[in-house]
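Take a look at the letters that make up each chain.
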Amino acid sequence: MTSLGELMIDVQRLAVLREVARAGSFAGAAAALHHTPSAVSQQVAALERSVGIVLVDRSTRGVRLTEAGRLLVTTAESVHAELTVAERQLRELRDEGPPTLTVVTFPSAGEPLLAPALTPLTAGRHVAITVVEAEPDGALAAIREGTADLALLYHFHLPEPPRGWAAAAGPGSYTPLLREPFRLVVPATHPLADRPTIDLADFSDDRWIHGWGGPAEVVDALAALAGFRPQVVCRSSDYRFMSALVGAGVGVTLLPALALPERDDVRVLHLDPPPTRFVGAWVPDRPWRNPTVERLLTTLRRRAEQLAGDPRAAGAHRETRSERRSEEQPWTR
């Protein structure tokens, strides 16, 4: 039986296998690593010899990881993330610079939620903060790769985060922050603008200003349930622009509460029940926890409570006491 001392896994070869898994071929991995396909193949073969098991099935149609290969790639992802974090910490120690904090956020959470939560961290303290804008898939990848300390994410349907997030981000914990309803935004001159609550089917003949990704999928699903397909006249990821188009009379749109406009030329209408987007923070499990992350989680919770209690700030749903108690406990993966 091979002892731990004899089973020496080369970190560089692990990195090569990780790239093969990402690219799906030796040629793709070679292009990413600036190697030749032959050199990549040799590195994988050497790794297979060192662990004593086949990691990659080779064929004329490409390569496919074996079960052992998939297991080792999971390890490679963790090693890569830990080395990335360690490199950053060593750089801070060497340069005697301020502690760093890298946060990934989706666009509509940046202004109302993240920026106010960061303010107490920058007041009178020296923290080098980097903010990256990304949708949930990109944010989870940044967590997995060790380039982010905290990610703000959104999801739909249930308060519990999607099961796939743990595989996408690696071990970590999710802290729920907001329950965010979607509202229908229409021109102030729309015939139904004065209705307190509306049925989406009443807007089947309207022209629609559409978003992208998850929010757009929610609109399409709701429209399908209401028996129509939206006539899309614009697609945008800029909620301010979408609101301006509504104000100009171009069409109607569904927006999350954090992105609701304060404009005189539009009206915000309520669906009953409203589609809900859940907003939370994912923090990776690391041997060394960045203390600034804990401070940010505290200020994010405080800001989320302010938004939930002030309809003018976000229109976010005010939880009942029992709902709040159940959501204060983070989900751990």
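Position numbers for residues start from 1 in each chain and track the written sequence from start to end. Only residues with pLDDT of at least 70 are given local features in this predicted model, and only at 80 or more are side-chain atom pairs given and counted; all residues enter the totals for whole chains, interfaces and linings. For the side-chain quantities, the full set of heavy atoms in the structure was used; hydrogens and water were omitted.

Once that is clear, we can look at empty space enclosed by the protein. The distinction between a cavity and a pocket rests on a 1 Å grid over the protein atoms alone: a 1.4 Å probe fits inside a cavity but cannot get out, while a pocket stays open yet meets protein on both sides within 12 Å along at least five of seven lines, and a residue with an atom within 4 Å of a point counts as lining. Grid points are joined across faces, edges and corners, and a volume is the space filled by probe spheres set on the points. Summed over the entire model, instances satisfying the criterion amount to three cavities of 30 Å³ or more. Every residue lining the second largest cavity is listed: I209, H210, G211, P215, V219, Y239, M242, T253 and L254. Put simply, DSSP marks the helices as runs of H or I at least four residues long and the strands as runs of E at least two long, and each gets a number from the N terminus on. Of all the secondary structure elements, the ones that give two or more residues to the lining of the second largest cavity are β8 (207-210), α8 (213-225), α9 (239-247) and β10 (253-256). In this count, Pro and Cys sit with the nonpolar residues alongside Ala, Val, Leu, Ile, Met, Phe, Trp and Tyr, while Asp, Glu, Lys and Arg are called charged and the others, Gly among them, polar. Its residues assigned to classes, the lining of the second largest cavity comprises six nonpolar, three polar and no charged.

For the rest of this paragraph, the subject is the side chain of H210. Inspection of the secondary structure assignment puts H210 in strand β8. In the analysis that follows, any N or O atom pair within 3.5 Å is treated as a polar contact, provided that within protein one partner can donate a hydrogen and the other can accept it, and provided that, for residues neighboring in sequence, both atoms belong to side chains. Polar side-chain contacts of H210 include one of 2.9 Å to the side chain of D220. Every residue pair with non-hydrogen atoms within 4.5 Å of one another is taken to be in contact. Beyond its immediate stretch of four places on either side in the chain, H210 contacts A216, V219, D220, V232, C234, R235, S236 and M242.

Phi at H34 is positive, roughly 60°, even though this residue is not glycine. Following the sequence through the fold, H34 ends up in the loop between α2 (26-33) and α3 (37-51). Positive phi outside glycine occurs at H157, with the angle close to 80°. Looking at the element boundaries, H157 is found in the loop between β5 (150-156) and α7 (164-169). What makes H157 exposed here is its relative accessible area of 75%. Whether a residue is buried, partly exposed or exposed follows from its accessible area with a 1.4 Å probe, protein chains only, as a fraction of its type maximum: under 20%, in between, or over 50%, in that order.

Aromatic pairing here means that ring centres of Phe, Tyr or Trp (its six-membered ring) are within 6.5 Å. Orientation follows from the plane angle: under 30 degrees is stacked, over 60 is edge-to-face, and everything else is tilted. Scanning the model with the defined rule gives five aromatic pairs in all. Both rings, one in Y154 and one in F156, keep their centres 5.8 Å apart while their planes meet at 75°; by these two values the pair is edge-to-face. In this analysis the charged atom, NZ for Lys or CZ for Arg, is taken to sit over a ring once it is within 6 Å of the ring centre and within 35 degrees of the ring normal. Over the face of the ring belonging to Y154 we find R277, whose NZ or CZ atom lies 4.6 Å from the ring centre.

In this section: the packing of α2 against α3. It is the contact of α2 with α3, at a shortest axis distance of 8 Å, that shows an interaxial angle of 105°. Judged by the inter-axis angle, α2 sits roughly perpendicular to α3. Contact with α2, carried on its side by F26, A27, A29 and A30, involves P37, V40, S41 and V44 of α3 and no other residues of that element. Think of each axis as a best-fit line through the C-alpha atoms, taken over the contacting stretch in the case of a helix, with angles from 0 to 180 degrees between the N-to-C directions. In this scheme, roughly parallel covers angles under 35 degrees and roughly antiparallel covers those over 145, while 65 to 115 is roughly perpendicular and the rest are oblique.

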